[in-house]
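Observations on the model geometry
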Amino acid sequence: MAAPIVHALRSLSRLYRPHSRGLSRLSEPLESGSRRGLFKDVFPAESGPLQLPELLSSGPQTVYCGFDPTADSLHVGNLLAVIGLLHFQRAGHDVIAVVGGATAQIGDPSGRSREREPLSPERVEENVRSIRDSLQRLFSQQEASAGGRVTVLDNAAWYRRRSVVEFLASVGRHFRMGTLLGRHSVQSRLSAPEGMSLAEFTYQVFQAYDFYYLHQKHGCKIQLGGTDQLGNLMSGHDFIQRTTGEAVFGITIPLITSTSGDKLGKTAGNAVWLNRDRTSPFEFYQYFVRQPDGNVERFLKLLTFLPLPEIAHIMDQHAKEPEKRIPHKRLAAEVTKLVHGKEGLESAKRCTRALYHSSIDALAAMSDQELQELFQEAPFFELVLEPGTRVLDACLRASAIPEGPRGFDILSSGGVSFNLMRVTNPDEILVVGQHILTNGLSLIKVGKRNFYIVKWLQL
Ligand SMILES: Nc1ncnc2c1ncn2[C@@H]1O[C@H](COP(=O)(O)OP(=O)(O)OP(=O)(O)O)[C@@H](O)[C@H]1O
Ligand SMILES: N[C@@H](Cc1ccc(O)cc1)C(=O)O
């Protein structure tokens, strides 16, 4: 049986006291990550915390983390794991992000009370494509000047060539049932009424094999994962040690939770997505601006690369002028830039100015996509602009008001605005620069929250 978890883990925060000296640039991410609260525990404990900094100092290592494509986008919880990889990559280590095209079809039971709905191979393939793109975008958005290599791999690639019989005979024989059964992810499910399927039970063997495969092919000796992944990290460690005798390590990162304490992610249905078509840069930015005061320092440490003294300075400013929400805005700006790039951050700020500060200039600078993202539920129309089109005609053509006297009344009583400016004369002719923005758009608002977007096409 594997050693009980309490003895098998070592908390990195106890290892790195505030004034301990770093070993070298290569081992620095472990130390700074632990100070930031990003790296929580290391496995195995007995030799791990002592050997791991030495291993890192001895030369560039390969560090990996896996992401199951059970949706077509990553989310903010996964971002923490990506940031963990980036800390290593920036220090000069090579990193591998594995997209679990194979493992997503099995379904990781870790942290779940029920089995996942099966996904068709076609759906998984689509998700793999989207997540691979997203990971590549995230990594390429970094200043690539220094740092190690980044590779994105799909684990379906190394299972495609294997038969079940051969896999069980060569890999399965190295796993002890007692150890597998003892894992928390298995125990918690076995005691639940629905139990656990054989497929889910074998999940940890596949993740362990991934680690082994990357160890053999890429010299990978370190795997990162959320604390929910601990059992899977241990299985990989045990398998590699048993078959190669080499020392490998697992490092856990803390789980980001919602204000109600649930793990932020797909299962809880509270994910904040990294793909723009699921969560727009504006919503993403606002999610961080709205964080409660109690979260913001921790998130600055976890989700940004700002040096700790700078974060301390930002928090001092906050203590003096809390109404300015300086750390919240800085957090939102840094994370939005990391995920959506400079352009995404500008878009988020433009949308914020347009919506919360009624800025016509910001509205005029917005693209069709931004407007649609901002007013997600708003119907979008492409209409031909005929000479002499009146405010009333525009409202009717966009179905913003009902036909007949009721629509006329809504307009003349001031219930309608064009580009955030109220109109009261139904016969007013549309003017470019006023009713129609220089980008050819009109944002028609009826009542408090009904928006209609018109893109005017010239004849
Ligand atoms: N809220 C979170 N905080 C920190 N890490 C997370 C969070 N959610 C996922 N991770 C980590 O991201 C990595 C990839 O997770 P993956 O996408 O496979 O599953 P997931 O998002 O946890 O999905 P599900 O919610 O369906 O279980 C894992 O190491 C996982 O622990
Ligand atoms: N099991 C991980 C994802 C993963 C997949 C394959 C791996 O090799 C590693 C990790 C999760 O669900 O969060």
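Because the structure is a prediction, the values reported are computed rather than measured. (Residues numbered from 1 in each chain as written. Chains lettered and ligands numbered in written order. Predicted model: local features only at pLDDT ≥ 70, side-chain atom pairs only at ≥ 80, totals over all residues. Heavy atoms only, no water.)

1. A short note on helix H7 (residues 121-140)
Residues separated by three or four positions in an α-helix point in the same direction, a consequence of the helix having 3.6 residues per turn. Under the convention used in this document: In this description a helix means any DSSP run of H or I spanning at least four residues, a strand means any run of E spanning at least two, and both kinds are numbered starting from the N terminus. Take the number of residues in a helix, subtract one, and multiply by 1.5 Å to get its expected span. Throughout, exposure labels follow a simple rule: accessible area from a 1.4 Å probe, protein chains only, divided by the maximum for the residue type, with under 20% read as buried, over 50% as exposed, and the rest as partly exposed. Any two residues having at least one pair of non-hydrogen atoms within 4.5 Å are treated as being in contact.
The terminal C-alpha atoms of H7 lie 28 Å apart, and with 20 residues this matches the ideal 28 Å at 1.5 Å per residue to within 8%. Where H7 is concerned, the buried positions are Val 124, Asn 127, Val 128, Ser 130, Ile 131, Ser 134, Leu 135, Leu 138 and Phe 139. Buried residues belonging to H7 abut strand E3 (62-67), helix H5 (76-90), strand E4 (94-99), helix H6 (103-106), strand E5 (150-154) and helix H18 (326-356).

2. Remarks on the site of ligand 1
Spelled out, the test is: Only heavy atoms are used to decide nearness, and a residue is near a molecule or strand if one of them lies within 4 Å of it. Polar contact is defined as a pair of N or O atoms within 3.5 Å, subject to the rule that within protein one atom must be able to donate a hydrogen and the other to accept it, and that residues adjacent in sequence are counted only when both atoms are side-chain atoms. Throughout, the Shrake-Rupley method with a 1.4 Å probe supplies accessible areas, and for residues the shown protein chains are the sole cover considered. Residues were grouped as follows: Ala, Val, Leu, Ile, Met, Phe, Trp, Tyr, Cys and Pro as nonpolar; Asp, Glu, Lys and Arg as charged; and all remaining residues, including Gly, as polar.
As a structural note, the neighbourhood of ligand 1 is formed by 20 residues, with His 75, Asp 228, Ile 256, Lys 263 and Leu 264 the closest of them. Between Asp 228 and ligand 1, the recorded distance is 2.7 Å, taken from a side-chain N or O atom to an oxygen atom. Considered on its own, ligand 1 offers 600 Å² of accessible surface; in the complex 95% of this is hidden by protein. Broken down by secondary-structure element, the contributors of at least two residues to the shell around ligand 1 are E3, H5 and strand E6 (220-226). When residues in the shell around ligand 1 are grouped by element, the largest group, three residues, is from H5. Here the residues of the shell around ligand 1 sort into six nonpolar, nine polar and five charged.

3. Examining the sheet that holds strand E12 (residues 450-458)
The line we're drawing: One requirement defines pairing of two strands: DSSP has to find at least two bridges between them. Between the N-to-C directions of two axes lies an angle of 0 to 180 degrees, each axis being a line fitted to C-alpha atoms and, for a helix, fitted only over the stretch in contact.
Read from one edge of the open sheet, five strands run E8-E12-E11-E9-E10, paired in mixed fashion. Here the strands that pair on one side only, and so sit at the sheet edges, are strand E8 (380-385) and strand E10 (421-423). In this sheet, adjacent strand axes meet at a mean angle of 35° when their direction is disregarded. Sheet analysis places E8 next to E12, joined by six bridges and oriented parallel. Of the residues in E12, the one forming a bridge with Leu 383 is Trp 456.

4. Focus: the packing of helix H15 (residues 281-289) against H18
The packing of two helices is summarised by the inter-axis angle and the distance between the axes. Note the threshold: With respect to orientation, any angle under 35 degrees is reported as roughly parallel, any angle over 145 as roughly antiparallel, any angle of 65 to 115 as roughly perpendicular, and every other angle as oblique.
At a minimum axis distance of 7 Å, the contact between H15 and H18 shows a crossing angle of 100°. Classed by the angle they form, the pair H15 and H18 counts as roughly perpendicular. Taken together, the residues of the contact of H15 with H18 sort by class into 16 nonpolar, six polar and two charged.

5. A closer look at the site of ligand 2
Around ligand 2 lies a shell formed by Tyr 64, Gly 66, Asp 68, Thr 103, Asp 108, Asn 155, Tyr 203, Gln 207, Asp 210, Gln 223 and Gln 229. A distance of 2.7 Å is found between a nitrogen atom of ligand 2 and a side-chain nitrogen or oxygen belonging to Gln 207. The separation between an oxygen atom of ligand 2 and a polar side-chain atom of Asp 210 is 2.6 Å. In isolation ligand 2 offers 340 Å² of accessible surface; the protein chains occlude 88% of this area. Looking at the shell around ligand 2, the elements with two or more residues in it are E3 and helix H13 (203-218). Sorting elements by how many residues they give to the shell around ligand 2 places H13 first, with three residues. Per-class residue counts for the shell around ligand 2 are two nonpolar, six polar and three charged.

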